[in-house]
Amino acid sequence: MIRRTIGRRRAGLVAVLAATAAFLTACGESAGALPPAGSAHLAAPAVAAAAVAKAVPAATPAPVARTYTICPGANATREALTAFFDAREGDTIAFCAGRFSLSTGLIMNNKRGITIKGAGRDRTILSFKNSDAAEGLNVSHADGIVMQGFTVEDTPGNSIRVFRSRYVTFRDVRAQWSDYKTCSTRLDAPNSCTRHGAYGLYPVLCQHVLIEDSEAFGASDAGIYVGQTSDVIVRRTRAEYNVAGFEFENTYRAEFVDNVATNNTGGFLIFDLPGLAQYGEKNLVHRNRAYNNNFPNFAPAGNIVGSVPKGTGMLVLASDQLEIRDNEISDHDTMGIGIVNYGLIDPNEADLRYDFYPEGIEIHGNRFRDNGGTLQLPSPQRGEASLLPLLLKLKNYGRSAHIVWDGSVDAPNGCTEYPKDAAGVPLNQPNPNETGRTEARSDERGRPNYGPNDPGPNCGGARYNAWKFNTAGQLKLPENGLCIAEDNQFTSTRLLTAFATPFVNARLSTSEPGQLALDLLKPVSTDLRPHRCQLPARPAPRLQLPFVPDPANGDRRPSDAEVQAACSGGRPGQVNRAALAYNCPRLDQYGLFANPADPRTRPVQGVEYDLNTALFSDYSTKYRFLFLPEGQPASYRDRTSHGVVATFDFPVGTVIAKSFSFKAGNAENVVETRLLIRRQTATGPTWVGLPYIWRTLGDGSRVAELHVEGGTASVRYDYVDPDPEVVGSNGKRLRYTGAVPRYTIPAALSCVTCHGNDDREAGAAPIGPKARNLNKAHRYPDGTVQNQLQYLSQRGLLSGLPADLSAIEKLPRFNVPGDAGDLPGSDQDLHHRVRAYLEVNCVHCHSGGGSAANSGLFLDSFRPVDVRYGICKRPIAAGRGSGEGRRYDIVPRDAGTSILPFRVGSSEAGVRMPPVARSVTHGEAAALITRWIDDVLPTADTEDNSCSGLGLLRR
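Predicted, not measured: the structure shown is a model, and the values here were computed from it.

Reading guide: rules and limits
Counting of residues starts from 1 at the beginning of each chain's written sequence and follows it residue by residue. This being a predicted model, a pLDDT of at least 70 is required before a residue's local features are given, and a value of 80 or more before pairs of side-chain atoms are given or counted; all residues contribute to the totals for chains, interfaces and linings. Side-chain calculation: all heavy atoms of the structure are included, whereas hydrogens and water are not. Under the DSSP-based scheme used, a helix requires at least four consecutive residues in state H or I and a strand at least two consecutive residues in state E, with every element numbered from the N terminus. Only protein chains enter the area calculation, which uses a 1.4 Å probe; residues under 20% of their type maximum are buried, those over 50% are exposed, and those in between are partly exposed. Note that accessible areas follow from Shrake-Rupley with a 1.4 Å probe, and for residues the cover is restricted to the protein chains shown. Every definition here rests on a 1 Å grid over the protein atoms only: cavities are sets of points where a 1.4 Å probe fits but cannot get out, pockets are open sets enclosed by protein on both sides within 12 Å along at least five of seven lines, and lining residues have some atom within 4 Å of a point. Grid points are joined across faces, edges and corners, and a volume is the space filled by probe spheres set on the points. Residues are sorted three ways: Asp, Glu, Lys and Arg are charged, Ala, Val, Leu, Ile, Met, Phe, Trp, Tyr, Cys and Pro are nonpolar, and all the rest, Gly among them, are polar. Salt bridges are counted wherever a side-chain nitrogen of Lys or Arg sits within 4 Å of a carboxyl oxygen of Asp or Glu. Stacked, tilted and edge-to-face pairs are distinguished by plane angle, under 30 degrees for stacked and over 60 for edge-to-face with tilted covering the rest, among Phe, Tyr and Trp rings (Trp via its six-membered ring) whose centres lie within 6.5 Å. Two conditions define a charge located above a ring, namely a distance within 6 Å from the ring centre to NZ of Lys or CZ of Arg, and an angle within 35 degrees of the ring normal. Throughout, a disulfide means two cysteine sulfur atoms within 2.5 Å of one another. To obtain the arc, one takes the directions from the helix axis to the C-beta atoms. The contact criterion used throughout is that any non-hydrogen atoms of two residues lie within 4.5 Å. In this description, strands pair whenever DSSP reports at least two bridges between them. Inter-axis angles, ranging from 0 to 180 degrees, are taken between N-to-C directions of lines fitted to C-alpha atoms, where helices are fitted over the stretch in contact. Every angle not falling under 35 degrees, over 145, or within 65 to 115 is termed oblique; those three ranges are roughly parallel, roughly antiparallel and roughly perpendicular. Crossing handedness follows the turn of the near helix against the far one: under a right angle anticlockwise gives a left-handed crossing, and clockwise gives a right-handed one. Expected helix span is taken as 1.5 Å per residue step, with the number of steps being one fewer than the number of residues.

Asker: Help me understand the overall build of the chain in this model?
Answerer: Helix and strand counts for the chain come out as 13 helices and 45 strands. Expressed as a percentage of its 955 residues, the buried residues of the chain come to 61%. Accessible surface, the chain: about 35,500 Å² in total, of which carbon and sulfur atoms supply 52%.

Asker: What is the right way to read empty space enclosed by the protein from this model?
Answerer: Sizing a probe to match a water molecule and rolling it over the atoms shows the empty space that remains. Going through the model one piece at a time under the given rule, you end up with seven cavities of 30 Å³ or more. Looking at the second largest cavity, it is lined by 21 residues, and the ones nearest its centre are S307, P309, L315, V340 and L388. Within the residue set of the lining of the second largest cavity, elements represented by two or more residues are β24 (312-317), β27 (335-340), α4 (388-395) and β30 (401-405). Of the residues that constitute the lining of the second largest cavity, the class distribution is 18 nonpolar, two polar and one charged.

Asker: Please clarify how the pattern of salt bridges should be interpreted in this entry.
Answerer: Two side chains that carry opposite charge are able to pair once their charged atoms sit near each other. Enumeration over the complete set of coordinates arrives at 65 salt bridges. One salt-bridge network, in which partners are shared between bridges, spans E281, K282, D320, D443, E444, R445 and R447.

Asker: It is not clear to me how the packing of aromatic side chains should be interpreted in this structure. Could you clarify?
Answerer: Aromatic ring pairs are reported here in terms of the distance separating the ring centres and the angle at which the planes meet. If you walk through the whole model with that rule in mind, you get 33 aromatic pairs. Ring centres 4.8 Å apart and planes at 5° place the aromatic pair F246 and F268 in the stacked group. On the criterion of sequence distance, the pair formed by F246 in strand β18 (residues 244-249) and F268 in strand β21 (residues 266-271) is long-range, its members being 22 residues apart. According to the relative accessible area criterion, F246 is buried, its value standing at 0%. Here a set of aromatic residues connected by ring pairs shows up, and it is made of Y180, F217, Y241, F295 and F298. Residue placement shows R674 over the ring face of F660; its charged tip is 3.9 Å from the ring centre. In this arrangement the basic side chain of R795 is found over the ring face of Y791, its NZ or CZ atom lying 3.6 Å from the centre.

Asker: Would you mind showing me how to read the state of the cysteines here?
Answerer: Disulfides are covalent bonds that link the sulfur atoms of two cysteine residues. Applying the stated criterion to the full structure yields five disulfides. Here C183 connects covalently by a disulfide to C193, the sulfurs 2.0 Å from one another. Around the S-S axis, the bridge from C183 to C193 shows a dihedral of about 95° and counts as right-handed. Taken together, the positions of C183 in the loop between β11 (166-176) and β12 (199-204) and C193 in the loop between β11 and β12 put the pair 10 residues apart, joining distant regions of the chain. A sulfur-sulfur distance of 1.9 Å marks the disulfide that ties C415 to C459. Handedness of the C415-C459 disulfide follows from its S-S torsion of about 70°: it is right-handed. With a gap of 44 residues between them, C415 in the loop between β30 and β31 (482-484) and C459 in the loop between β30 and β31 connect regions that are remote in the sequence.

Asker: Looking at this model, I keep getting lost on α4. Mind explaining?
Answerer: Along an α-helix, residues three or four apart share an orientation, since each turn contains 3.6 residues. L388, P389, L391, L392 and K395 are the residues of α4 that are buried. All buried residues of α4 project into a common sector of 165° when viewed along the axis, lining one side. Considering only its buried residues, α4 is in contact with β30 and α5 (513-519).

Asker: Would you take a moment to explain the environment of Q790 for this structure?
Answerer: Within the fold, Q790 resides in helix α10 (residues 788-794). Each residue touching Q790, except ones within four places of it in the same chain, is listed here: L801 and L805.

Asker: In this structure, what is going on with the sheet that holds strand β8 (residues 137-140)? I would like to understand it.
Answerer: Strands pair in a sheet through their backbones, by hydrogen bonds, and they do so in one of two ways: parallel or antiparallel. The sheet built from 11 strands is open, its strands ordered β5-β8-β10-β12-β15-β18-β21-β24-β27-β30-β33 with parallel pairing. The outermost strands of the open sheet, each flanked by one partner alone, are β5 (106-109) and β33 (501-505). Sheet twist, expressed as the average angle between the axes of neighbouring strands with direction ignored, equals 10°. Pairing analysis gives five bridges linking strand β15 (residues 222-227) to β18, with the strands arranged parallel.

Asker: When you look at the packing of helix α11 (residues 827-842) against helix α13 (residues 923-936) in this model, what are you seeing that I'm missing?
Answerer: One can describe the packing of α11 onto α13 by two numbers: an axis separation of 10 Å at closest approach and a directional angle of 130°. The angle between the axes of α11 and α13 places the two elements in the oblique class. Two packed elements cross with a definite hand, and for α11 against α13 that hand is left-handed. Contacts from D827, L830, H831, R833, V834, Y837 and L838 in α11 reach A925, L928, I929, R931, W932, D935 and V936 in α13. Of the residues that constitute the contact of α11 with α13, the class distribution is nine nonpolar, one polar and four charged.

Asker: Please clarify how α13 should be interpreted in this entry.
Answerer: Over its 14 residues, α13 runs 19 Å from end to end, which matches the ideal 20 Å to within 8%, given 1.5 Å per residue. Among all positions in α13, only A925, A926, L928, I929, W932, I933 and V936 are buried. Looking down the long axis of α13, one finds its buried residues gathered within 165° of arc, a one-sided arrangement. Looking at the packing, one finds that the buried side of α13 touches α11 and α12 (899-904).

All quantities given are derived from atomic positions and should not be read as evidence of function.
Right under this line is the structure:
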């Protein structure tokens, strides 16, 4: 049992009595008072002390903060999941000393001011070796979260992922894969390190992040990774035996200081990559030690970091306004610092918002020793980029160098029209109607700062770069140049590095074979005189830390008595509306179904509905019901008015119930019922997801009980598809037969993995009930056959329905040829059906506000099928999910080398997509997607898979 400790010295009885008299909402988060902006570094600890002492009426004592104490044992996973669900602002979740074996990941969403701590990173070990989830800890849309004093070990995917959160602290934590010293760096070995997760400590799309006194070992991408995040400090932290020790990717005002990187492939990476929600600049790397980072690169081939040569101290790729000073960089086989443009990685990159060139780089006060002794040899598995270290040395007359610059600079391209936002306002001008942008629309140099919804420049396929040049077409220097000060020290103490040059301008611009051949004929330069310049100081991070929890402004816990009174107060034949504000222990207490033991039929004051194409869930049969407050219809919304992920606007008090069962012959096993309830909180409406697991009692009756920790079940299925138009290749009704040894019933907070994103309402907002996915005829229990939208509208359950139903978009059934109105079996038919499947199963994450927004892969069925849809798009953070040798998400005409069908066809945790809601492969869909890529999409260059010269297939 979780042990709870009172965190404030208040009389418990008085608190409960006063709380009972107050208005109750069971879930939701308070916005609270944010801490004031700090100085360049951390704000003083007392900065928001007054907020805690906020005046509270005498009759309402301050809420009681709790500590949930969890110790190793058989119940540890359940207790941890319960604590993560139940914790409120000001609470602490404390893991005892010892080793925990956790069977699934721990998720925290829409919380504030919670501390997750252990007894120290050497004493508390959270092992996820046998987990069915990709991440160990997955924190999203959470403010003021502190994680300290524990180790996360052996996750199938990332160790600790923090997404779209603010005021986040990692302190004294470790991420590791326990065999990091013994796993094989051979990509095809059974114990290959490629099976490790991609990232250790992994904040992405966040603001105000502190990582200190922590460690990471064994990540197949980056040990310490900060991506698309603003105002970051990483200090006094160590990374070993990762591909990349530390990585800043598309960050603003981020600082590496006093860290150690050793025994990695590359020590420190500062990258800007294409196709992402944010492009970065203004970063600091100082007072760090990078030494002996010569570990072989074990990243899955195709990942960006798979191109990093072993023996790299620091690598700068396309990043702007970067200061590297006062670091010690020594004993690297290839180079101390490399500065390269993205054309050496992929000259065919199609993101027109992306700038290939690293500019405004300043290197001073560093100590270089013994770099460049033994270059990495080329590897066919790593592609043409693996040739570069050898080419650099050959061009430099057999000598290595401490600082290597590819020498590539941008040139005017005739694009002079300043880019605009989605509303048509140039980014160098204010847009008074704009909200949500976290950085300035353009920087002081004139560079446009593209946001995730900004279109590319309108220049006929050219990137806008006119801001870099003066009226004579010359690059503005030094602000767009490379400055290397005289105070850098270069020494060699070993024979292999005795002839290394301090610097080499390699004069290489691209990996495109024709131009590369010409570049090889150009002589290099070791002259530092053109780089003796200074740049303005970069602004330091502006962390708004520490975050001070304010429990008085958070959501209040109901007492057991309140829950019991509301949940037991229902009347037969009526939905128990008073209970909807609470998490009732049993499903029947909400009064949703006429037969409390059967959630498949006869809803009380509810209506059933069906979807054209549904999310796949291990071949389960689903029963869906909608319950609306009397006299309060849902409001019609569609893609045109509210975006690609828009569902109907449901009133507070709405319940969506979905039951999952497995049919085998004449038997049917109803395993679980999930509820989505829209509740009112102090800060507005939110959706809460609750899982109820069915069990049979001793007398043979059935009951569904709340299990916020989720569960598993062993199930089998053998049934004919209920849709008579779904047929197999033999023309007969399709039959599904099989078993799921470990069918997963998600924990309550697992719902938000898919349901809780920026482009939907707070909490676990609905996914399925979109107008275009409900647009179909349905046979109702009374025998009525009618279009579902029309049925809801005529019964007063839906307002705003367009009079002309034919004008409403319709998603096709993915498994019925011709359902999109195309010739059955034609290329267009297959194309539309695959896109419908990908939208329903993927777009809730792969959208601009979804939990996979950082990937830059967007899968709604309305956008052009171009690089943003995956065509020839390199994965950003796939880790081993990319599979061996797969370089692009989709390679037209070659599903075998494409990442998307590989992930859709996998059932392995850390690889499969979607990552939750299924544990077996949807074979029919995987086969359809493979056919689509192989037979329908444009033809790739099959000789080298470069994906060059492709046309776009548009809807």
